[in-house]
Structures are given as structure tokens and as C-alpha cells.
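This is what each chain is made of:
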Amino acid sequence: MRLKDKVALITGGTSGIGEATALLFAKEGAKVAVTGRNESRGNAVTARILDAGGKSIFVQTDVRKADECRHAVESALSSFGRLDILFNNAGIFFAHDMLECSEEEWDLQIDINLKGTFLMSKYALPSMIAQGGGVIINNSSGWGMVGGDKAVAYCASKGGVVLLTKAMAIDHGRQGIRVNCLCPGDVETPMLSEDAKFRGVNWEDYLAGCSNRPMGRIGTAEEIAKAALFLASDDSSFMTGSTLVVDGGGTAD
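Quick summary incoming for the structure in this document.

Reading across the sheet, the seven strands line up as 3-2-1-4-5-6-7 and stay open at both edges, with parallel pairing between neighbours. One side of each edge strand has no neighbouring strand; the edge strands of this open sheet are strand 3 (56-60) and strand 7 (243-246). For this sheet, the mean inter-axis angle between neighbouring strands, taken without regard to orientation, is 15°. Judged from the five bridges that link them, strand 2 (residues 31-36) and strand 3 form a sheet pairing that is parallel. Following the sheet pairing, Ala33 is matched in strand 3 by Ile57. Running at roughly 175° to strand 4 (residues 85-88), helix 4 (residues 103-131) makes contact with strand 1 (7-10), strand 4, strand 5 (134-139) and strand 6 (177-184) of the sheet. With respect to the sheet, helix 8 (residues 221-232) is in contact with strand 4, strand 5, strand 6 and strand 7, its orientation differing from that of strand 6 by roughly 165°.

Structure, rendered in C-alpha cells:
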């Protein structure tokens, strides 16, 4: 129960890493506010938490929109009385190089991956500061640290998340706010299978292409959720401005 009596807000919590993290945080004692754009999937996640005896709400949210981000934070506060943990997890990816990437796709990835992190943090911080502390976890990517093929907008947005994390940590450390960044590698999520389809590669061949990693496999959403739990809990009490890479060694070579 490492998050007993804590309140967590997780964006993009309706599938993949966000869903796995919401379920794990609830199991560890947190009250969880889940956000996303898909209402049916969001309600299904909260139902699983409620059925297990936890406390959870779903708030339909598009993180590109300031009013909806503000509403998500206000909903968590009104439902649970405080906000201790924000996991900025919502993200999107299109596999295109510079010549193929349209302005629309560029804007969409920057707005969801980077601007969404900015907006949610902007509205979560005041209550955290007022209560004397809190934790913000920003989900970046291994490709936020190194380049990736056919991923110009994604790499730009996720690289921005890494340095946004460090800047926030510097600004708000004396206010009791810890801000850290997760950088997952290839993880078995709907986003990864969509990338395979987008690139015109069948799933088996796609997985085979990932076998050159030092650990010889892709990760699971549950493995990333455990890393998020570490950053959310007091186990990482002396960490802020850090980038935690969880990628099976993908960025090691």
C-alpha cells in the first residue's frame, strides 16, 4: 500500500501504460482519477477499480484543451479532496519523416504529447503547492533521448517533455513538488501495434525487429507501471528532475 490515502490523476488512462498504472496505483491504495477521450474505455477502467474495492472516477478529457484540463483537475479535487500525483501519460504517434509529416500531424503530436503535459501540470500545481507537496510524472520515451526513424514530430515532442520535466523540477523543488520523467522503450500497447500497421509491417515481423535489444524482447505495460509507482511513491523521495529509462537496454547501444 505504497500510495495509501494518496490521490492520483492519470491522463491517457483508458488503455496501455495508463490503464496498467491506474490499476496498480489503485491496488497500492490510491484514489484514482482517470482521463481520456474514450468514455466507454474510461468507464471500463474505473469499473475494474471499483469492483476491486478501490475508488476511482473517469473524466472525459482532451489534453489539448485548457478548459478540459482544468476541469479534470477540479473533478479530482472535488471528488477526493486533494491531488498528490499527476501522471502525464496521454500520447500519440505517427510514423513519418520530415517530408512525410503533415502540419496537422505535427500539431497533433506536439499538442497532445507536449502541450498536454504543460496544461495538466499548470492546473495541478496550485493545489499541490497549497497542500505542501506533490509528485508529477511525465511520460516521455526513449525517443525523447535519442533519435528514431520516421518519428520527427514524436521525437521533438518527447524530447521537449524531458527538458520540460527538468525545468519544472528546478522551479518547484523548494515548494515540495517532485517532477520526474519516464522514458519507456518498445512496450506492448495499442500504440505499438498501430505503429506496426502504420509502417505496413505484420506484428510478428515487427516483434522480430525488436529482438536486437539487449534483453531480446519488448516490455509490458505492467513493467512501466511499476516504474511509475516507484516515482510516485516515497521510494524515490530524493529524486527530482530525473529521467528514468525503462527500455530493456534499447538506448544502451
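Going through the model one piece at a time under the given rule, you end up with nine salt bridges. Ionic pairing is found between Arg2 and Glu28, a salt bridge with its closest N-O pair at 3.6 Å. Taken together, the residues Arg2 in the segment before strand 1 and Glu28 in the loop between helix 1 (16-27) and strand 2 connect sequence positions 26 residues apart. By relative accessible area, which is 45% here, Arg2 ends up partly exposed. With relative accessibility at 12%, the residue Glu28 sits in the buried group.

Here Asp107 is to be found in helix 4. Relative accessible area serves as the criterion here: at 35%, Asp107 is assigned to the partly exposed category. Residues Asp107 and Val63, spaced 44 residues apart in sequence, show a C-alpha to C-alpha distance of 13 Å.

One can describe the packing of helix 4 onto helix 5 (residues 152-172) by two numbers: an axis separation of 8 Å at closest approach and a directional angle of 15°. Viewed along their axes, helix 4 and helix 5 adopt a mutual orientation that is roughly parallel. Helix 5 is crossed by helix 4, and the crossing has right-handed handedness. Residues Trp106, Gln109, Ile110, Asn113, Leu114, Thr117, Phe118, Ser121, Leu125 and Ile129 of helix 4 form the contact with helix 5, whose participating residues are Val152, Ala153, Tyr154, Ala156, Ser157, Lys158, Gly160, Val161, Leu164, Met168 and His172. In terms of residue class, the contact of helix 4 with helix 5 is made up of 13 nonpolar, seven polar and one charged.

Our focus in this paragraph is helix 3 (residues 66-80). For helix 3, built from 15 residues, the straight-helix expectation of 21 Å at 1.5 Å per residue is met to within 8% by its first-to-last C-alpha distance of 21 Å. Taken together, the buried positions of helix 3 are occupied by Cys69, Ala72, Val73, Ser75, Ala76 and Phe80. Projection of helix 3 onto a plane perpendicular to its axis shows the buried side chains occupying an angular sector of 155°, all on one side. Of the exposed residues in helix 3, those oriented more than 90 degrees away from the buried face are Asp67 and Ser78. In this structure, the buried side of helix 3 is in contact with strand 1, strand 2, strand 3 and helix 4. Downstream of helix 3 by one or two residues, Gly81 has phi in the positive range, about 85°.

So, on to unusual backbone geometry. Negative phi characterises most residues that are not glycine, and trans characterises most peptide bonds. Of note in the backbone geometry, Asp5 takes a positive phi value of approximately 70° without being a glycine. With respect to the element layout, Asp5 can be found in the segment before strand 1. Judged by its relative accessible area of 52%, Asp5 falls in the exposed class.

Consecutive side chains along a regular strand alternate between the two faces of the sheet. Alternating positions in strand 4 separate into two faces, Ile85 and Phe87 on one and Leu86 and Asn88 on the other, with burial throughout. Where strand 1 lies against strand 4, three bridges are found, and the strand directions are parallel. Residue pairing across strands places Ile10 opposite Phe87, the latter belonging to strand 4. Where strand 4 lies against strand 5, four bridges are found, and the strand directions are parallel. In the strand pairing of strand 5, Phe87 is matched with Ile137. One crossover worth recording links strand 4 to the parallel strand 5 by way of helix 4, and it is right-handed.

Definitions and cut-offs
- Residues numbered from 1 in each chain as written.
- Predicted model: local features only at pLDDT ≥ 70, side-chain atom pairs only at ≥ 80, totals over all residues.
- Heavy atoms only, no water.
- Pairing = 2+ DSSP bridges.
- Helix = DSSP H or I, 4+ residues; strand = E, 2+ residues; numbered from the N terminus.
- Axes fitted to C-alpha atoms, helices over the stretch in contact; angles between N-to-C directions.
- Contact = heavy atoms within 4.5 Å.
- Salt bridge = Lys/Arg side-chain N within 4 Å of Asp/Glu carboxyl O.
- Buried < 20%, exposed > 50% of the residue type's maximum accessible area, 1.4 Å probe, protein only.
- Parallel < 35°, antiparallel > 145°, perpendicular 65-115°, else oblique.
- Left-handed = near helix turned anticlockwise from the far one by under 90°.
- Nonpolar A, V, L, I, M, F, W, Y, C, P; charged D, E, K, R; others polar.
- Expected span 1.5 Å × (residues − 1).
- Arc of directions from axis to C-beta.
- Right-handed = clockwise from strand over helix to strand, strands pointing away.

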